Amino acid sequence: MTHSSSAQESQFPVSAAAQALHTKLLTLDSHIDIPWPDQKDAFDDTPARRVDLPKMQRGGMSAGCFVAYIGQGPTTDAGHAEAQSQCLAMLDVINQMQGTRNGLTARVCSTVQEILTAHADGVLAVIPAVENGYAMGDDLALLAQFRAKGARYVTLTHNGHNVLADAAVHRPSLGDKPENYGGLSALGRDAIAEMNRLGLVLDVSHASKKSMLQAVAASRAPIVASHSCVRTLCDHPRNLDDEQLDALKAGNGVIQITAMPAFLKPKPDEGKRTANVADFVDHIDYVVKRLGVPYVGISSDFDGGGAIEGWENATQGVHLTQELMRRGYDESEIAAFWGGNFLRVLKAAEDVAG
């Protein structure tokens, strides 16, 4: 155990009841980045990664969505070709995060039933996903290749508009206007229809408000915001406002609150912005009060910038469980936050794909 996690344990003493519940739950983190270029260290307990398979096992983290993240680049033929090849290579690396090594077993899972079976078998579930529709370039055929490699969701945009949709944060350095399409492009609408056909969940984290609202209306399956927070509590363009939250519920989707201080708490007048487990659960509370328990879940964005006091790596998820218990949530509600709600959306996408 590193010195910092020892300090964490003393700062956040864990009750036997919280530890027992956390160990029992199917806990799923819906957004984790992988290091790139690949270091072939997923089975090693490495100081460089906030999430590796040993940390997941030690922290009672049952399942994680590992994303092939492609940063936004030029929307040119060359830019698209590079994004496509890198994304496929990253999905191949995620698919290598399985088997038995160093005394632990992991399995790549591409359906809800496979995730449930892995948990019942006591093995870690690795769920591939794609962050940024730029990864498909302008070729819808890439979506079937992503699904064939186990991907379960595709994040519509990242920071910067792509050829599918406008992003919440535009990039003038890439030639972006504040809006390129006023939401979705025609190709973006076609991509949503193809994702519905394939059982790929549409992820609206990073999308502009217009893109997000149009995506909810266009999709035949529920959508997810895989790593976003509540705009009323922290006014950041990446967060969802009340109108967006209501639309998410109307579409039977889910928002996965994320451990990014910039999305959890407003910036103080002076000093460094920090956030902790209590701040994180404040966002869950807000969504529960507005929408109800079935519409909110948990993500870390670990290894993509996420980390808060009390949840700094995959060994410390029990601190969230304890805070949820402290606020009076029962076992069924905590199970819903830790994966049940997200799995409902994955299953709905499978059912729509048929």
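Structure shown above.
Now for a quick tour of the structure. (Residues numbered from 1 in each chain as written. Predicted model: local features only at pLDDT ≥ 70, side-chain atom pairs only at ≥ 80, totals over all residues. Heavy atoms only, no water.)

## Comments concerning the pairing of strand 5 (residues 124-131)
Consecutive side chains along a regular strand alternate between the two faces of the sheet. Buried residues dominate strand 5, accounting for eight of its eight residues. A two-sided burial pattern is seen for strand 5, the buried positions comprising Leu124, Val126, Pro128 and Val130 on one face and Ala125, Ile127, Ala129 and Glu131 on the other. Where strand 2 (residues 63-69) and strand 5 come together, seven bridges link them in parallel fashion. Each residue of the ladder has a partner; that of Val67, found in strand 5, is Ala129. Of the pairings in the sheet, the one linking strand 4 (residues 104-108) to strand 5 comprises three bridges and is parallel in character. Looking at strand 5, one finds that Val108 is bridged to Val126. As for the winding sense of the linkage, the β-α-β connection from strand 4 through helix 5 (residues 112-120) to strand 5 is right-handed. Relative to strand 6 (residues 153-155), strand 5 is paired through two bridges, and the arrangement is parallel. Following the sheet pairing, Val130 is matched in strand 6 by Val154. (Buried < 20%, exposed > 50% of the residue type's maximum accessible area, 1.4 Å probe, protein only. Helix = DSSP H or I, 4+ residues; strand = E, 2+ residues; numbered from the N terminus. Pairing = 2+ DSSP bridges. Right-handed = clockwise from strand over helix to strand, strands pointing away.)

## Considerations on the packing of aromatic side chains
The relative placement of two aromatic rings is captured by the distance of their centres and the angle of their planes. Within this structure, the stated rule accounts for five aromatic pairs. On the numbers, 5.7 Å between centres and 85° between planes, the contact of Phe280 with Trp311 is edge-to-face. Here Phe280, found in helix 11 (residues 277-290), pairs with Trp311, found in the loop between strand 10 (296-299) and helix 12 (318-326); they are 31 residues apart in sequence, far enough to count as distant. Aromatic side chains Trp311 and Trp338 sit 6.0 Å apart centroid to centroid with 90° between the ring planes, which places their arrangement in the edge-to-face category. With Trp311 in the loop between strand 10 and helix 12 and Trp338 in helix 13 (residues 331-353), this pair connects stretches of sequence that are 27 residues apart. Take Trp311: its relative accessible area is 0%, and that puts it in the buried class. Members of the aromatic cluster, joined through ring pairs, are Phe280, Phe302, Trp311 and Trp338. (Phe/Tyr/Trp six-rings, centres within 6.5 Å; stacked < 30°, edge-to-face > 60°.)

## Regarding the side chain of Arg238
Checked against the element boundaries, Arg238 lands in the loop between strand 8 (224-225) and helix 9 (242-250). Asp301 provides the closest opposite charge to the buried, salt-bridge-free Arg238, at an N-O distance of 5.3 Å. A polar atom in the side chain of Arg238 sits 3.2 Å from the side chain of Ser228. (Lys, Arg positive; Asp, Glu negative; His and termini not counted. Salt bridge = Lys/Arg side-chain N within 4 Å of Asp/Glu carboxyl O. Polar contact = N/O pair within 3.5 Å; in protein donor to acceptor, adjacent residues only side chain to side chain.)

## Considerations on helix 4 (residues 77-95)
The end-to-end C-alpha distance of helix 4, which contains 19 residues, comes to 27 Å, matching closely the 27 Å that a straight helix rising 1.5 Å per residue would cover. Contact partners of the buried residues in helix 4: strand 2, strand 4, strand 5 and helix 6 (141-148). (Expected span 1.5 Å × (residues − 1). Contact = heavy atoms within 4.5 Å.)

## So, the pattern of salt bridges
Inspection of the entire model under this criterion finds 21 salt bridges. A salt bridge links Lys149 to Asp92, with the shortest nitrogen-to-oxygen separation between them at 2.7 Å. Remark: Asp92 occurs in helix 4 and Lys149 occurs in the loop between helix 6 and strand 6; sequence separation between them is 57 residues. For Asp92, a relative accessible area of 33% corresponds to the partly exposed category. One salt bridge connects Asp351 with Lys347, and the closest N-O pair in it is separated by 2.7 Å. Of this pair, Asp351 and Lys347 are both found in helix 13, four residues apart, which corresponds to roughly one turn of the helix. Taking the relative accessible area as the measure of exposure, Lys347 reaches 37% and is therefore partly exposed. Several salt bridges share partner residues, and in doing so they unite Asp282, Asp285, Glu323, Arg326 and Arg327 into one network.

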